[in-house]
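Coordinates in review
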Amino acid sequence: MSKPPKDTRPRRMSGSKPSAPKRGRRTPKAEQDNATRMMHKKVKTARGRKISSKLWIERQINDPYVREAQIKGYRSRAAFKLEELDDKFNLLKHDSLVVDLGCAPGGWVQIALKRGAKRVVGIDILPVDMVAGADLIEYDFMEEDAPEKIKSYLDASPDVVLSDLAANTTGHKQTDHLKTVALVEAAADFAMRTLRPGGHFASKVFQGGAEFSLLNELKSRFQTVKHFKPDSSRKGSPEIYLVALNLQNPKTD
Ligand SMILES: C[S@@+](CC[C@H](N)C(=O)[O-])C[C@H]1O[C@@H](n2cnc3c(N)ncnc32)[C@H](O)[C@@H]1O
């Protein structure tokens, strides 16, 4: 995406002189600061609305990626993360068959198709509005038969497996960590068993990257394994993406 303009503060027209600051009058710097403050929209705390949800709404309103996603008709700001992943690692080729794990509301599905995928098979525990060119399965990926369900929609081994799976957090750090690790491991296992040789896998991971043992296994099966934090991933978020390129040694046991 072309980066959204950051500094939209009003600027002095060239040639016009700034008037000398008078007592009680704001300096240009103060005026600029004020303009910036005014552009940052605040949300009033309604009765019953929690501070955390007020902050979430405020962040959404002021997030340039959210605005850009609305302008471009993308279903989520996450769409920009896949664009960046693809720009950097060239994951999506023309006519690729793509599996998208944790696909709701469908931002990655839109980008995969826009960048030439011939078909996307997506799965999410939540319902997803249909997208032409995609088969979207409403199912829990952690169910034992989920891989078979996905495969029943595939007429060949996929070229790319993407996972943006993210569990709802409980607030209990250890529980959340275990849930996240389990999702990443399940996604990686699916990719190592299902991808065609030469295929690529990209997955959201948290807290400093994939677990050591998983990373080692991926390194033994793919030619290249890297971590990457897209600019569009929120700075404060612990999320990072794991990218494994060119499957050499599929898992068969
Ligand atoms: C960050 S969102 C994905 C956003 C998506 N990539 C996009 O561009 O619109 C993570 C998704 O993972 C899904 N998810 C979490 N656990 C899941 C599970 N066990 N099975 C299927 N989907 C799951 C959530 O429902 C959520 O929609």
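Residues numbered from 1 in each chain as written. Predicted model: local features only at pLDDT ≥ 70, side-chain atom pairs only at ≥ 80, totals over all residues.

Side note on the overall build of the protein chain
Helices and strands together make up the secondary structure of the protein chain, namely eight helices and seven strands. The long-range fraction of contacts in the protein chain, counting pairs at least 24 apart against all pairs at least 6 apart in sequence, stands at 57%. (Helix = DSSP H or I, 4+ residues; strand = E, 2+ residues; numbered from the N terminus. Contact = placed C-beta atoms within 7 Å.)

A look at the sheet that holds strand 1 (residues 97–101)
Overall, mixed pairing links the seven strands, which are arranged 3-2-1-4-5-7-6 in an open sheet. Whereas interior strands pair on both sides, the edge strands pair on one side only; in this sheet they are strand 3 (134–138) and strand 6 (222–228). Strand-to-strand twist across the sheet, computed as the mean angle between neighbouring axes with direction ignored, equals 15 degrees. Docked against the sheet, helix 4 (residues 79–89) engages strand 5 (200–205), strand 6 and strand 7 (240–247), running at close to 40 degrees with respect to strand 7. (Pairing = 2+ DSSP bridges. Axes fitted to C-alpha atoms, helices over the stretch in contact; angles between N-to-C directions.)

Here's the deal with the packing of helix 7 (residues 173–194) against helix 8 (residues 212–221)
Helix-helix packing is described using two parameters, namely the angle between the two axes and the distance between the axes. Orientation of helix 7 relative to helix 8, taken along the N-to-C sense of each, is 15 degrees, at an axis distance of 11 Å. Classified by the interaxial angle, the pair formed by helix 7 and helix 8 is roughly parallel. Regarding helix 7 and helix 8, the two cross each other, and that crossing is left-handed. Counting all contacts with helix 7, which are made through V184, E185, A188 and M192, the residues of helix 8 involved are L214, L218 and R221. (Parallel < 35°, antiparallel > 145°, perpendicular 65-115°, else oblique. Left-handed = near helix turned anticlockwise from the far one by under 90°.)

Comments concerning the nonpolar core
Counting residues in hydrophobic clusters, the biggest one holds 52 residues, and the most contacted among them are W108 and A112. It is helix 7 that contributes the most residues to this core, seven residues altogether. Beyond its immediate sequence surroundings of up to four residues, A112 is in contact with L92, V98, D100, A117 and V120. (Core = buried A, V, L, I, M, F, W, Y, C linked by C-beta atoms within 7 Å. Buried ≥ 20, exposed ≤ 12 C-beta atoms within 10 Å, placed from the backbone.)

Here we look at the site of the ligand
Neighbouring the ligand are 22 residues; A78, G102, G107, F141 and D164 lie closest to it. Of all the elements in the fold, those that place two or more residues in the shell around the ligand are helix 5 (107–114) and strand 2 (119–124). When grouped by side-chain class, the residues that make up the shell around the ligand number 14 nonpolar, four polar and four charged. (Near = placed C-beta within 6 Å. Nonpolar A, V, L, I, M, F, W, Y, C, P; charged D, E, K, R; others polar.)

Brief notes about the packing of helix 4 against helix 5
Between helix 4 and helix 5, the shortest axis-to-axis distance is 8 Å and the interhelical angle comes to 40 degrees. Compared by their axis directions, helix 4 and helix 5 come out oblique. Crossing of helix 4 over helix 5 shows right-handed handedness. Residue-level contacts link A79, L82 and E83 of helix 4 to G107, W108, Q110 and I111 of helix 5. Residues belonging to the contact of helix 4 with helix 5 are distributed by class as follows: four nonpolar, two polar and one charged.

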